[in-house]
Amino acid sequence: MTRRRVAILISGRGSNMAALIAAAQAADFPAEIALVLANRPDAKGLGLARDVRLATAVVDHTRFGKDREAFERALQAELEARSIDIVCLAGFMRLLTPWLVTRWERRMLNIHPALVPAFKGLDTHERALAAGVKIHGATVHFVVPEMDSGPVIAQGALGVRDDDTAETLAARVLAIEHTIYPLALRLVAEGRVTVVDGRCRIAGAAADDHILVTPIIAA
Ligand code: GRF
């Protein structure tokens, strides 16, 4: 098995990065983490990546001022230097322009802490509570130039509790993120995801009869 070479792009804590690194340690995982790249030298996840002896790089966006393309050319150079096949954005807090995104079409994934297309952008858990939705979750999707959009590869959902706060919801959604990101990367690395009319078809996926109903009322 040739393992696809993956770069994880981070800006901060790196818990999704850690979930991907852990998954890639399995002998049968179809991808290896060949680079962890941060746009902030103080990104906490960099330390975690170094601790497990992964290759790391920093492309500090502040060095490029408003010149987004120059920043992206520097990112692209790091990705090419490591012969990267697939890019995973994992809490990477920079908007990318079509210049970079189109170069990685169907090879760049992002995780968003909401059920896309609901609650694109920031503060998703606060907004889910304010909207009063009863079901919330997380999404892994292919990256397209429009933010938090693009064909959905995997989603996970949970029932919102009456006593949830943005913090409790964030913690429970994060556990979903750590499950669906390794799953989505596996599927893409195995070449099992094809996009037809904007929808991802997953080769070998079982017929899905799950339903999630909330609230649950004791009998
Ligand atoms: C996650 O909630 C992710 O969905 C969002 O930013 C957060 C990053 O967390 N895009 P971490 O750095 O992976 O811990």
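Not measured: the values here are computed from a predicted model.

Surrounding the ligand, one finds Arg13, Gly14, Ser15, Asn16, Gly91, Ile111, Pro113 and Glu177. Between arginine 13 and the ligand, the recorded distance is 2.5 Å, taken from a side-chain N or O atom to an oxygen atom. One of the backbone nitrogen or oxygen atoms of isoleucine 111 is found 3.3 Å away from a nitrogen atom of the ligand. In isolation the ligand offers 370 Å² of accessible surface; the protein chains occlude 84% of this area. Taken together, the residues that form the shell around the ligand break down as 2 nonpolar, 4 polar and 2 charged.

Core analysis: the biggest nonpolar cluster contains 40 residues, and Ile8, Leu109 and Ile153 have the highest contact counts within it. Ranked by residues supplied to this core, first place goes to helix H6 (residues 166-189) with 10 residues. Filtering out sequence-adjacent residues up to four positions away, isoleucine 153 remains in contact with Leu109, Val140, His141, Phe142, Ala184, Val188, Val193, Cys200 and Ile202. If you look at the next biggest cluster of nonpolar residues, it comprises 23 residues, including Leu35, Phe71, Leu79 and Val87.

Moving on: helix H3 (residues 68-81). For H3, spanning 14 residues, the distance from its first C-alpha to its last is 20 Å, which sits close to the expected 20 Å at 1.5 Å a residue. When we look at burial in H3, the residues that qualify are Phe71, Glu72, Leu75, Gln76 and Leu79. On an axial view of H3, the arc spanned by its buried residues comes to 135 degrees, and they lie on one face. The outward face of H3, more than 90 degrees from its buried face, is lined by the exposed residues Glu80 and Ala81. Buried residues along H3 sit in contact with strand S1 (4-10), strand S2 (31-38), strand S4 (86-89) and helix H4 (98-101). At the C-terminal side of H3, serine 83 shows a positive phi close to 50 degrees.

Conventions and cut-offs
Residues numbered from 1 in each chain as written. Predicted model: local features only at pLDDT ≥ 70, side-chain atom pairs only at ≥ 80, totals over all residues. Heavy atoms only, no water. Near = heavy atom within 4 Å. Polar contact = N/O pair within 3.5 Å; in protein donor to acceptor, adjacent residues only side chain to side chain. Areas by Shrake-Rupley, 256 points an atom, 1.4 Å probe, with all protein chains shown as cover. Nonpolar A, V, L, I, M, F, W, Y, C, P; charged D, E, K, R; others polar. Core = buried A, V, L, I, M, F, W, Y, C linked by side-chain atoms within 4.5 Å. Buried < 20%, exposed > 50% of the residue type's maximum accessible area, 1.4 Å probe, protein only. Helix = DSSP H or I, 4+ residues; strand = E, 2+ residues; numbered from the N terminus. Contact = heavy atoms within 4.5 Å. Expected span 1.5 Å × (residues − 1). Arc of directions from axis to C-beta.

Take it as geometry only, folks, not as evidence of what the structure does.
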